Amino acid sequence: MTATAVRADTAPAAQVKRRRRSLGWVAVVPLLAFVAVAFGVPAWAIVDGAFTGPGGYTLGNLTASLNGAYLTALLGSVKLSAVAAGLSVLFGLPLAQAVVTSPHRALREAVLTASGVLANFGGVPLAFAFVATLGNAGVLTRRFGLTDQGWDLYSFWGLVIVYLYFLIPLMVLTITPALEGLRVQWREAAQNNGATGVQYWRHVALPVLAPSLLGGLVLLFGTAFAAYATAAAIVGSSIPLITLQIADALSGNVLVGQENVALALSLDMVLIAGLVMAVYLPLQRRSARWLA
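Residues numbered from 1 in each chain as written. Predicted model: local features only at pLDDT ≥ 70, side-chain atom pairs only at ≥ 80, totals over all residues. Heavy atoms only, no water.

Section: the packing of helix α8 (residues 184-192) against helix α9 (residues 197-226)
Turning to step 1, where the next piece is worked out: At a closest axis distance of 10 Å, the pairing of α8 and α9 adopts a crossing angle of 160°. Comparing their axes, α9 and α8 come out roughly antiparallel. Judged by the sense of rotation from one axis to the other, the crossing of α8 with α9 is right-handed. Across from Trp186, Arg187 and Ala190 in α8, the residues of α9 making contact are Tyr200, Trp201, Val204 and Val208.
Turning to step 2, where the next piece is worked out: Residues that form the contact of α8 with α9 fall into these classes: six nonpolar, no polar and one charged. (Axes fitted to C-alpha atoms, helices over the stretch in contact; angles between N-to-C directions. Helix = DSSP H or I, 4+ residues; strand = E, 2+ residues; numbered from the N terminus. Parallel < 35°, antiparallel > 145°, perpendicular 65-115°, else oblique. Left-handed = near helix turned anticlockwise from the far one by under 90°. Contact = heavy atoms within 4.5 Å. Nonpolar A, V, L, I, M, F, W, Y, C, P; charged D, E, K, R; others polar.)

As structure tokens, then:
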């Protein structure tokens, strides 16, 4: 076959490939338009308002958002999110491992289904459930005399307990695929070389799971960091959190005319969320290379 004939055969195939690629871009245009309207317009409004002051564009709003009570609220949210996320990883990993290794398929499906429901159960209903159960006049509080033992739902650690209710199930859902990706051959090879269960987890399983664990930690941190309704319904303004400060600034509960400061606080949250995602995505790609 001559070179001319080869080029004649490959030309139609190349044209079909280019046509499919162009049609693919056409199919993506509605999605890009939706993202631009649904996310781009609010993002631009936040950025524009954060840099807008009485006399025009200014950095005063951002400066105010990183000082005084606003900075305290930002650090409080970071602390609460970090503690709740760390405890959720600590408790969620063994729970997910027990589910993965369970010989009872019905139990596994029930736990995963419940985790899917509980991971999305938050807001005012969750707050009401905890107030009725562990509040100052809650059922368990009165039955076991928890108030006399120092228990206080409307505190930092009380709010951490509430956050664990939906963060631990989210961790189970996040880490279960990674646990399922651990090869049985790895454990068998470790046992054949005389390794104990603890040594297997220390030298094989945990190093492989480390990117997934860190990715789950980052994801849980972002979820707790953005939570608002649950904290607002339980603690109000008694615990400084950035989401509560944004609500107060927008509604004028503390000071009037702080709407642009609230937008600056929102921009701070967006930047922190962007940093969180910048850490999360590379970790997910790294873990996928081992567990795919």
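Regarding the environment of Ala110
Turning to step 1, where the next piece is worked out: Note on placement: Ala110 falls in helix α4 (residues 105-118).
Turning to step 2, where the next piece is worked out: When its relative accessible area of 45% is taken as the criterion, Ala110 is described as partly exposed.
Turning to step 3, where the next piece is worked out: Residues Ala110 and Val99, spaced eleven residues apart in sequence, show a C-alpha to C-alpha distance of 9.7 Å. (Buried < 20%, exposed > 50% of the residue type's maximum accessible area, 1.4 Å probe, protein only.)

Brief notes about the pattern of salt bridges
Turning to step 1, where the next piece is worked out: The tally for this structure, following the rule as stated, stands at two salt bridges.
Turning to step 2, where the next piece is worked out: A salt bridge links Glu109 to Arg105; its shortest N-O distance comes to 3.0 Å. With Glu109 and Arg105 both in helix α4 and four residues apart, this pair spans about one turn of that helix.
Turning to step 3, where the next piece is worked out: A residue is classified by how much of its surface remains accessible, and Glu109, at 42% relative accessible area, is partly exposed. (Salt bridge = Lys/Arg side-chain N within 4 Å of Asp/Glu carboxyl O.)

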